[in-house]
Amino acid sequence: LGPEAVRMWERANGTATRLLNVIQPPESFAESFEFENEVETTEPLLFMLRRFLQQLSLRLGALYFVAKTLKLRITFSDPPQDGSAAADKNSYERLFNIPEPSNNVEVLFRMLHTHLEDFKSESPIVAVSLEAEPTKPGQQQFGLFETALRDPMQLSETLARLTGLLGAERVGTPVLEDTHRPDAFRIEPFSWQMNDRPATEAVGPSFALRRFRPATPASMLLADDKPAHLQSTELRGEVAEQEGPYFASGNWWDEKRWARAEWDLQLANGGLCRCHEEEKGWQIDGIYD
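Heads up: these notes are all about the structure in this document. (Residues numbered from 1 in each chain as written. Predicted model: local features only at pLDDT ≥ 70, side-chain atom pairs only at ≥ 80, totals over all residues. Heavy atoms only, no water.)

### Quick word on the overall build of the protein chain
- Looking only at helices and strands, the protein chain has 4 helices and 12 strands in total.
- In the protein chain, 59% of the contacts between residues at least 6 apart in sequence involve partners at least 24 apart.
- Element-wise, carbon and sulfur atoms account for 51% of the exposed surface of the protein chain, whose accessible area totals about 21,400 Å². (Helix = DSSP H or I, 4+ residues; strand = E, 2+ residues; numbered from the N terminus. Contact = heavy atoms within 4.5 Å. Areas by Shrake-Rupley, 256 points an atom, 1.4 Å probe, with all protein chains shown as cover.)

### With respect to the sheet that holds strand β10 (residues 258–267)
- Sheet architecture is closed into a barrel: 6 strands sit in the order β7-β8-β9-β10-β11-β12, paired in antiparallel fashion. Each strand axis lies, on average, 45° off the axis of its neighbour in the sheet, ignoring direction.
- Sheet topology note: the strand β7 (residues 209–223)/strand β12 (residues 281–288) ladder contains 6 bridges and is antiparallel. Directly across from Ala218, in β12, lies its bridge partner Trp282. (Pairing = 2+ DSSP bridges. Axes fitted to C-alpha atoms, helices over the stretch in contact; angles between N-to-C directions.)

### So, the nonpolar core
- Membership of the largest hydrophobic core comes to 29 residues, with the highest contact counts inside it found for Leu49, Leu70, Ile74, Val128 and Leu130.
- Elements with a minimum of two residues in this core: β1 (30–39), α2 (42–62), β2 (66–76), β3 (91–102), α3 (105–117) and β4 (125–135).
- The element contributing the most residues to this core is α2, with 8 residues.
- In contact with Leu70, other than residues within four places in its own chain, are Leu53, Arg94, Leu95, Phe96, Ile98, Leu108, Met111, Leu130, Glu131 and Ala132.
- Core analysis: the second largest hydrophobic core is formed by 13 residues, Met220, Leu230, Leu235 and Ile284 among them. (Core = buried A, V, L, I, M, F, W, Y, C linked by side-chain atoms within 4.5 Å. Buried < 20%, exposed > 50% of the residue type's maximum accessible area, 1.4 Å probe, protein only.)

### Considerations on the pattern of salt bridges
- By the definition in use, this model includes 11 salt bridges.
- The closest approach of N and O atoms between Arg7 and Glu4, which form a salt bridge, is 2.7 Å. One end of the pair, Arg7, and the other, Glu4, are both in helix α1 (residues 3–13), 3 residues apart, so they sit about a helical turn from each other.
- Since its relative accessible area comes to 44%, Arg7 is described here as partly exposed.
- Beyond isolated ion pairs, a larger network of salt bridges with shared partners links Glu27, Glu31 and Arg59. (Salt bridge = Lys/Arg side-chain N within 4 Å of Asp/Glu carboxyl O.)

### A look at the sheet that holds β4
- Read from one edge to the other, the open sheet built from 4 strands follows the order β1-β4-β2-β3, with strand pairing classed as antiparallel. Sheet topology places β1 and β3 at the edges, where each strand pairs with a single neighbour. Neighbour-to-neighbour, the strand axes of the sheet open up by a mean angle of 15°, direction not taken into account.
- As paired strands, β2 and β4 are joined by 10 bridges and run antiparallel to one another. Within the sheet, the bridge partner assigned to Leu72 lies in β4 and is Leu130.
- α3 contacts β2, β3 and β4 of the sheet and is inclined by roughly 140° relative to β3.

### Looking at the packing of aromatic side chains
- Across all of its chains, the model carries 3 aromatic pairs by this definition.
- Aromatic pair Phe33 and Phe35: ring centres 5.4 Å apart, planes at 80°, arrangement edge-to-face.
- Taking the relative accessible area as the measure of exposure, Phe33 reaches 33% and is therefore partly exposed.
- Under the relative-accessibility criterion, Phe35 is labelled buried at 15%.
- Measuring from ring centre to ring centre gives 4.9 Å for Tyr92 and Phe119, while their planes differ by 50°; the resulting arrangement is tilted. Pair noted here: Tyr92 is in strand β3 and Phe119 is in the loop between α3 and β4, with a separation of 27 residues, a long-range link.
- Each residue in the set Phe76, Tyr92 and Phe119 is aromatic and connected to the rest through ring pairs, giving one cluster.
- In this structure, Arg94 packs its charged tip against the face of Phe96, placed 5.2 Å from the ring centre. (Phe/Tyr/Trp six-rings, centres within 6.5 Å; stacked < 30°, edge-to-face > 60°. Lys NZ or Arg CZ within 6 Å of the ring centre and 35° of its normal.)

### Structural notes on the state of the cysteines
- Taken as a whole and judged by the stated rule, the model has 0 disulfides.
- Note on Cys273: no disulfide assigned, nearest cysteine sulfur contributed by Cys275 at a separation of 5.2 Å.
- Accessibility expressed as a relative area gives 1% for Cys275, which makes it buried. (Disulfide = S-S within 2.5 Å.)

### As for the pairing of β12
- Pairing analysis gives 6 bridges linking strand β11 (residues 272–278) to β12, with the strands arranged antiparallel. From the neighbouring strand, Glu278 faces β12, where its bridge partner is Gly281.
- From the end of β11 to the start of β12, which pair antiparallel, there are 2 residues.

### Comments concerning unusual backbone geometry
- Cis geometry marks the peptide bond from Arg213 to Pro214; its omega dihedral reads 0°.
- Note on placement: Pro214 falls in strand β7.
- The omega torsion of the bond from Gly244 to Pro245 falls at 0°, within 30 degrees of zero and hence cis.
- Tracing the sequence through the fold places Pro245 in strand β9 (residues 236–250).
- If you check the backbone angles, Tyr64 has positive phi at about 60° while not being a glycine.
- Mapped onto the elements of the fold, Tyr64 is located in the loop between α2 and β2.
- For Asp225, which is not glycine, the phi torsion reads 60° and is therefore positive.
- Its location among the elements puts Asp225 in the loop between β7 and β8 (226–231).
- With relative accessibility at 69%, the residue Asp225 sits in the exposed group.

These results come straight from atomic positions and should not be treated as a statement about function.
This is how it looks when you write it as structure tokens:
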């Protein structure tokens, strides 16, 4: 049977020697507590969360870690049964992404406190838990013209307060949509990142359009179906030069449909503006600087 038979004989007689590979289980940074009585206010909840953060900060600091995220879980008693999936859940979970990983108890507690100021539940609270995701302290080297936020946590707290007051769809960074519809944009969650943009060479002077929001109504005198004289609260005068019309339309399939004819006009007094014609009449979009 060869060498395999020898190893089997040694195992059967208890003379074989095997090395023990010790595997260190992953460290779990989580704290939980079950209340003896049902909790209906946030004061006991905040008291336990502060204790959780103190314990987690000590454990993370002992291993030279900082908290990257915090996961809050609140358990309710007897949730309302109305048939909806959201109402039948007996717990609430929220993941907090920390802008700048930290072990500062006051900073982390302020973030939780800000969120719980607007927290409401239909059922009493019976348990709470908090889990932290560890990470190594980060170091960032900025360029010559780059700067860091003075207090990323304060910015995050301010955004959280604004979100609670105005709603998530009204707080963030405006991003232009891929469409020709005028002033079309969407709101994305705010993030502080320095985008690497390649340097562009200057191609000469350019004009900037200073938009009027909302657009200014205007009266237009036409000559041969072209603008001849403009009258509005912002601009007035005879049209010396014009470029257009530039026809554009879109969203014909829903209630957001739009159609317009744009003109770039230069007035005799030197004013340069952009205006458009719609079903409602003429409007001035802005002036060129």
